[in-house]
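Here are the chains, one letter per residue:
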Amino acid sequence: MNLRMARVGGLLRASPNLSLLDVDTSGVAAVERSAAASNAAVAAVAAAIGLPLAIGCYLAMQAGSVGEIAYLAVLISAATAACIGARSNPLTSMPWLIAIGVTVSAAGDAVWQWLDWTRDIGSDVSVADALWLASYVAIGAALLRSAPKVRTVDADGVIDFLVVFLVALVAQWEFAFDEIVTDATYPLWDRVVWALYPTLDAALLAVVVRAGLTRRFRGGLAALVGAGSGFWLLSDFSYTLFPDSERLEVWMNLGWMLGSVFLACTVWYLRAAPATQTGKVASGIEVTRPAGIAVALVPLLVPGAVMVIEHLRGDLENVYLLFTVSVLLIGLAFTRGNRLLHAENAARAAVRSQERYSRMVALHSADAFLVLDRDGVVLNDAPSLAALVGRLGWSASGEAMLKFVLQPDRADTRAVFERCLASSGQTFETELRVRHQQGHEMWLSARMTNLLDDPDIDGIVVNLHDITGRKRAEAELSHRAFHDGLTELANRALFCNRVDHTLARNRGTGRQAAVIFLDLDGFKTVNDSLGHAAGDKLLKEVANRLVQAVRSADTVARLGGDEFAILLEQSQSPLDESEGLAERVLQSLALPIDLDGQCVTLSASFGIAASDGASTAASLLRDADVAMYRAKTAGKARWVIYDPEMHTAAVERLQLENELLGALESGQFVVEYQPIIRLADDTIKGFEALIRWQHPRLGTIQPDRFIPIAEETGAIIPIGTWVLNEACGALARWQRQFPEYAGLTMAVNLSTRQLGSPDLVAAVRAALAASGIEPSTLVLEMTETALIQDAGVATDRLRELSALGVLLAIDDFGTGYSSLSYLRQFPVDILKIDRSFISTITEATQLPAIVTALVELGRTLQLELVAEGVEVDIQRDELRRVHCGMAQGFLFSHPLGEAAAGQLLDQSVSVAVV
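To start, this report covers the structure provided alongside it. What you see is a predicted model, and the numbers here were worked out from it, not measured in a lab. Just so you know, the residues in each chain are numbered from 1, in the order the chain's sequence is written. Local features are withheld for residues below a pLDDT of 70 in this predicted model, meaning they are given only at 70 or higher, and side-chain atom pairs are given and counted only at 80 or more; totals for whole chains, interfaces and linings count all residues. Working from all heavy atoms in the structure, the side-chain values ignore hydrogens and water.

## Digging into the pattern of salt bridges
Two side chains with opposite charge may pair up if their charged atoms get near one another.
Next up, step 1: For salt bridges, the criterion is a side-chain nitrogen of Lys or Arg within 4 Å of an Asp or Glu carboxyl oxygen. Applying the stated criterion to the full structure yields 31 salt bridges.
Next up, step 2: Two residues, Arg551 and Asp554, come together in a salt bridge whose shortest N-O distance is 2.9 Å.
Next up, step 3: Only protein chains enter the accessibility calculation, which uses a 1.4 Å probe. A residue is then buried if its area is under 20% of the maximum for its type, exposed if over 50%, and partly exposed in between. By relative accessible area, Arg551 is classed as partly exposed at 35%.
Next up, step 4: For Asp554, a relative accessible area of 10% puts it in the buried group.
Next up, step 5: Between Lys832 and Glu688 there is a salt bridge, with the nearest N and O atoms lying 3.1 Å from each other. Taken together, the residues Lys832 in strand E18 (residues 830-833) and Glu688 in strand E13 (residues 683-695) connect sequence positions 144 residues apart. The exposure classification of Lys832 matches that of Glu688, with both residues buried.
Next up, step 6: What you see here is one network of salt bridges that share partners, running through Glu431, Arg470, Lys471 and Glu474. Only runs of H or I of at least four residues qualify as helices and only runs of E of at least two qualify as strands under DSSP, and these elements are numbered from the N terminus.

## Here we look at the sheet that holds strand E2 (residues 427-435)
Next up, step 1: Strand pairing requires that DSSP identify at least two bridges connecting the strands. Strand order in this open sheet of four strands is E1-E4-E3-E2, and the pairing throughout is antiparallel. Each edge of the open sheet is held by one strand with a lone partner, namely strand E1 (368-372) and E2. Across the sheet, the mean angle from the axis of one strand to that of its neighbour is 25°, orientation sign disregarded.
Next up, step 2: Pairing geometry for strand E3 (residues 441-451) and strand E4 (residues 459-466), over eight bridges, is antiparallel. Residue pairing for E4: Leu451 is matched across the bridge by Gly459.
Next up, step 3: Against the sheet, helix H14 (residues 407-421) touches E1, E2, E3 and E4, its axis set at about 155° to E2.
Next up, step 4: In this analysis, two residues are considered to be in contact whenever any of their non-hydrogen atoms come within 4.5 Å of each other. Between N-to-C directions, angles cover 0 to 180 degrees, with each direction set by a line fitted to C-alpha atoms, over the stretch in contact for helices. Contacting E2, E3 and E4, helix H15 (residues 468-482) crosses the sheet at an angle of about 120° to E3.

## Section: the environment of Gln674
Next up, step 1: Topologically, Gln674 is positioned in strand E12 (residues 669-678).
Next up, step 2: Judged by relative accessible area, Gln674 falls into the buried class, the value being 6%.
Next up, step 3: Once the C-alpha coordinates of Gln674 and Pro895 are considered, the two residues, 221 residues apart in sequence, prove to be 4.1 Å apart.
Next up, step 4: With sequence-adjacent residues up to four places away left out, Gln674 is seen in contact with Gly686, Phe687, Glu688, Leu690, Gln888, Gly889, Phe890, Ser893 and Pro895.
Next up, step 5: Any pair of nitrogen or oxygen atoms within 3.5 Å is treated as a polar contact; in protein, a donor-acceptor pairing is required on top of that, and neighbouring residues in sequence qualify only through side-chain atoms on both sides. At 3.1 Å, the side chain of Gln674 and the backbone oxygen of Ser893 are in polar contact.

## Focus on the sheet that holds strand E10 (residues 603-610)
Next up, step 1: Strand order across the open sheet formed by five strands is E6-E7-E5-E10-E11, with mixed pairing between neighbours. Bordering the open sheet on either side are strand E6 (555-560) and strand E11 (639-641), each of which pairs with just one other strand. With direction set aside, neighbouring strand axes in the sheet form an average angle of 20°.
Next up, step 2: Direction of pairing for E10 relative to E11: parallel, over a ladder of three bridges. Counted as the bridge partner of Gly607 is Val640 from E11.
Next up, step 3: In the packing of helix H18 (residues 532-549) onto the sheet, the strands contacted are strand E5 (512-521), E6 and strand E7 (563-571), and the crossing angle to E7 comes to about 10°.

## A closer look at the side chain of Gln888
Next up, step 1: Tracing the sequence through the fold places Gln888 in the loop between strand E20 (886-887) and helix H32 (898-913).
Next up, step 2: Residue Gln888 is classed as buried on the basis of its relative accessible area, which comes to 2%.
Next up, step 3: One polar contact links Gln888 to Lys832, side chain to side chain, over a distance of 2.9 Å.
Next up, step 4: Ignoring anything within four residues of it in the chain, the contact list for Gln888 reads Gln674, Pro675, Ile676, Glu688, Lys832, Val866, Ala867, Glu868, Gly869 and Val870.

## Structural notes on a nonpolar patch on the surface
Next up, step 1: Where nonpolar side chains cluster on the molecular surface, the patch consists of Leu188, Trp189, Val192 and Leu196 and spans about 420 Å² of accessible area.
Next up, step 2: The topology assignment puts Leu196 in helix H7 (residues 188-213).
Next up, step 3: Relative accessible area serves as the criterion here: at 36%, Leu196 is assigned to the partly exposed category. Exposure above 30% relative accessible area and no salt bridge define the residues that can form patches, which grow by joining like charges within 9 Å and nonpolar side chains of Val, Leu, Ile, Met, Phe, Trp and Tyr within 5 Å. For the accessible areas, the method is Shrake-Rupley and the probe is 1.4 Å, while residue cover comes only from the protein chains on display.

## Regarding helix H20 (residues 617-633)
Next up, step 1: How far a helix is expected to stretch is found by multiplying one less than its residue total by 1.5 Å. Counted at 1.5 Å a residue, the expected span for H20 with its 17 residues is 24 Å, and the 24 Å between its end C-alpha atoms agrees.
Next up, step 2: Among the residues making up H20, those that are buried are Ala617, Ser619, Leu620, Leu621, Asp623, Ala624, Val626, Ala627, Met628, Ala631 and Lys632.
Next up, step 3: Positioned one or two residues after H20, Gly635 has a phi angle of 130°, which is positive.

## Describing the nonpolar core
Next up, step 1: Note on terminology: a nonpolar core comprises buried Ala, Val, Leu, Ile, Met, Phe, Trp, Tyr and Cys residues joined through side-chain atoms within 4.5 Å. Membership of the largest hydrophobic core comes to 75 residues, with the highest contact counts inside it found for Tyr673, Trp734, Leu778, Leu780 and Leu801.
Next up, step 2: At 10 residues, helix H23 (residues 716-737) tops the list of elements feeding residues into this core.
Next up, step 3: Ignoring any residue separated from it by four or fewer positions in sequence, one finds Trp734 in contact with Tyr673, Phe687, Leu744, Met746, Glu898, Ala901, Gly902 and Leu905.

## Regarding the side chain of Asn491
Next up, step 1: Structurally, the position occupied by Asn491 is in the loop between H15 and helix H16 (492-506).
Next up, step 2: On the basis of relative accessible area, Asn491 is assigned to the buried category, the value being 14%.
Next up, step 3: A distance of 3.3 Å separates a polar side-chain atom of Asn491 from the backbone nitrogen of Ala493.
Next up, step 4: Setting aside anything within four residues of it in sequence, one finds Asn491 in contact with Arg480, Ala481, Phe482, His483, Asp484, Ala557 and Arg558.

## Brief notes about the packing of helix H3 (residues 65-86) against helix H4 (residues 94-118)
Next up, step 1: The N-to-C vectors of H3 and H4 enclose an angle of 155°; their axes lie 8 Å apart at closest approach. Overall, the two elements H3 and H4 adopt an arrangement that is roughly antiparallel. Helix-helix and strand crossings are classified by hand; for H3 and H4 the assignment is left-handed. Every residue of H4 that contacts H3 at Glu68, Ile69, Tyr71, Leu72, Leu75, Ile76, Ala78, Ala79, Ala82, Cys83 and Ala86 is listed here: Pro95, Trp96, Ala99, Val102, Thr103, Ala106, Asp109, Ala110, Gln113 and Trp117.
Next up, step 2: Residue polarity follows a fixed list, in which Ala, Val, Leu, Ile, Met, Phe, Trp, Tyr, Cys and Pro are nonpolar, Asp, Glu, Lys and Arg are charged, and the others, Gly among them, are polar. Within the contact of H3 with H4, the residues separate by chemical class into 17 nonpolar, two polar and two charged. Roughly parallel means an angle under 35 degrees; roughly antiparallel means over 145; roughly perpendicular covers 65 to 115; every other angle is labelled oblique. Crossing handedness is defined as follows: a turn of the near helix away from the far one that is anticlockwise and smaller than a right angle gives a left-handed crossing, while the clockwise case is right-handed.

## Quick look at the packing of helix H21 (residues 644-665) against H23
Next up, step 1: Running from amino to carboxyl end, H21 crosses H23 at an angle of 30°, the nearest separation of the two axes being 10 Å. If you check the angle between H21 and H23, you find them roughly parallel. The element H21 and its partner H23 pack so that their crossing is left-handed. Facing H21, whose interface residues are Leu660, Leu661 and Leu664, H23 presents Pro718, Ile719 and Trp722.
Next up, step 2: When its residues are assigned to classes, the contact of H21 with H23 shows six nonpolar, no polar and no charged.

## Digging into the pairing of E2
Next up, step 1: With nine bridges joining them, E2 and E3 adopt antiparallel strand pairing. Counterpart to Val434 in the pairing with E3 is Met442.
Next up, step 2: In textbook terms, the turn of a hairpin is the stretch between consecutive antiparallel strands, and for E2 and E3 this stretch comprises five residues, one of which, Gly439, has a positive phi near 110°.

## What about the packing of aromatic side chains?
Next up, step 1: Stacked, edge-to-face and tilted are the three classes for Phe, Tyr and Trp ring pairs, Trp counted by its six-membered ring, which pair at centre distances within 6.5 Å; planes under 30 degrees apart are stacked, over 60 edge-to-face, the rest tilted. A full pass over the atoms with the stated rule returns six aromatic pairs.
Next up, step 2: Look at Trp394 and Phe404: their rings are 6.0 Å apart centre to centre, the planes differ by 85°, and that puts the pair in the edge-to-face class. Remark: Phe404 occurs in the loop between helix H13 (383-388) and H14 and Trp394 occurs in the loop between H13 and H14; sequence separation between them is 10 residues. No difference in accessibility class separates Trp394 from Phe404, as the two residues are buried.
Next up, step 3: Judged by centre distance (5.1 Å) and plane angle (75°), the ring pair of Tyr673 and Trp734 falls under edge-to-face. With Tyr673 in strand E12 and Trp734 in helix H23, this pair connects stretches of sequence that are 61 residues apart. Of the two residues, Tyr673 and Trp734, neither departs from the other in class, the shared state being buried.
Next up, step 4: Counting every residue linked through ring pairs, the aromatic cluster contains Phe669, Trp693 and Phe706.
Next up, step 5: If you follow Lys471 out to its NZ or CZ, it ends over the ring of Trp443, 4.5 Å from the centre. Two conditions define a charge located above a ring, namely a distance within 6 Å from the ring centre to NZ of Lys or CZ of Arg, and an angle within 35 degrees of the ring normal.

What follows is the structure, encoded as structure tokens:
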């Protein structure tokens, strides 16, 4: 007979009325490990006890001493394997507690067997009982050791424990141990020991059930623990229910042996994976709530079932005990059910809270979000922030938000956070910079919302948006708004801003600022001849040379086109320094510039203006511009310092510019005619048409005051066409009135812009057709400067005009380029000697060499000569002496209106008749 069978069976046979349910259960729970760890554990156990188990199982099925020894061998082998498996763990750990339980149980069987062999103690209490009872305690402690540590008492677990404990204890007490424990014929100590068996069985069963409800153990480990405890329980229940069954003895023995072996395997499984063996239980709430409900309600049936069984057996001695247990179970069931409802409500509330939390976070969602406490410490892990800044795997939880804000932005960020902290439910925004893992700065938009009063959030939610791209775009737009796109120099807006700041800073210091306005000379020629790409390259090179010429504190700006400006911020002598800078820039620009194989040299005209107490950026720039214009008109490649009188002239010029086109429409222009005299006989050869502006407020304005303005604005085109038509019409009327002057000529001046106009030839043709004059009586005059401005276009245009039959004259000859090659290139008919040369004739027979040369040149080229500005007799006489063909000037007549010129012609005819 098996040892444990003899022990339990002896007790039950002593009281034949006892039966049913002496439950001795042990359970260990653990989570599933990887396949590799499980295989390692199983292999180790197989090597340690596999062979003894196979032999022992065979021998244990035999009767007599052989079976008993084989039974002990298997238990001792299992205990040895369990101890070996648990040796790498602390003595208080779950593997050691299981190993101790298996070992102490085996030791109890060995001691009892030895006492039975030597003393035939039967069912007496002995040391073996202490060992068996200790095994229950060890296994129970192992199961409790696996429970997660919590700060509060697990009330649900206590209730479940008490319910199972009461039911198991009552069942065992009523059907197995009641009469034995209450029988006074047995010693008190023996009865106490016997009472501990159902008590510890019930307690161990309650622990196992609670562990199952919470799914504290999972996977393969749960299977090992379940198998070990299941075989032990099955064998215990069988001996309780069937104490006299010889047929089941072999299978009972096998159950106890297999239980010990599987518990030993559990230790080796835990050794293979000691770190994460038990599942987590969330706040003591069961994973499977129906099981929890069943534990609360099903035990209520047990007292009634016991009473029914006892009624059938005619034994109702423990009615009061069963009623008391029923009351206790009902109270526990009510408490447990109430807690289940509370747990259900709490779970639903937690779900709703989490949903609301998620909604709130989504509402404020961004590239990343943080939840901060009142101290600005991050409460969430913020993986999105880690990804945003390139720090994958980093957790911001527990760190102060300001820690990863760059130093220049921390004060502002802290101020916004404090304002948000003081304003519940309010939202505040700011922008801050952080450092990316790769080293570059990132701009983030931070939107802080105080949700500390919201129980689901309980923090300040900070939504972060990556605005680095936007900030870069803003910086680029700002740069473009204040810098020239071609040269990267400051533009007009930035230049004026810096001038204003400089003037404000200089006030009260005695220092002055100066502005230099410069305009490139001849840039249009380069741009038109070499193309805009070459022009852009030229402007970039000029910008580089200007930057190299100035001081580091000065500002260089491109104002537009080929106009630049330089600001000298602080100076004791701004005019002297400005003149020195202008000279350096001129020298720098004089160096050749290579434009794709074409070498170009430049010059510039400079205007210089120094500040005073009343200066503004606009006034300084305006004054420098006025001075630059004066330098340009004075001959270019020079600088002019602003004088207040220039401003008056500039204002007048602006007024004339604004009124110019209106003057043509309102008929304020008139044409006067100055006669051209044939020197051989003092007769009138023709007239030169000269425009005058009869201004209603300023009176008569001479051409030298408004023609340059008309030339710049383009108004010269309609004005010139009007003069041409007026002159041709007057000539036609004179020729009809005075047939004797059928060959009378009319000279009309053409400007540079007119000569470049593609509509010029059509306008001349239309004037000839409208007036009906012969083309040969119309003389078109041009200056040398106008001709060489674009020599190719001028040549083509003159040839087209010559083809019409009109005569072409070069006006003010000798003052410009005076190139013989140009005279041969252009199809001209007349040379007009400038008045500046004629004014040098002051003595008889002392004709200046330049005049003599010009006369000889015209005679050589077979061109007609007209001397301009003849004002005294000696000039007329000397020109006649050297055979200069024609002359005009105040000596002969001032410019006349059409009627006065007609009277002059009439008088000439009368004199000729007389």
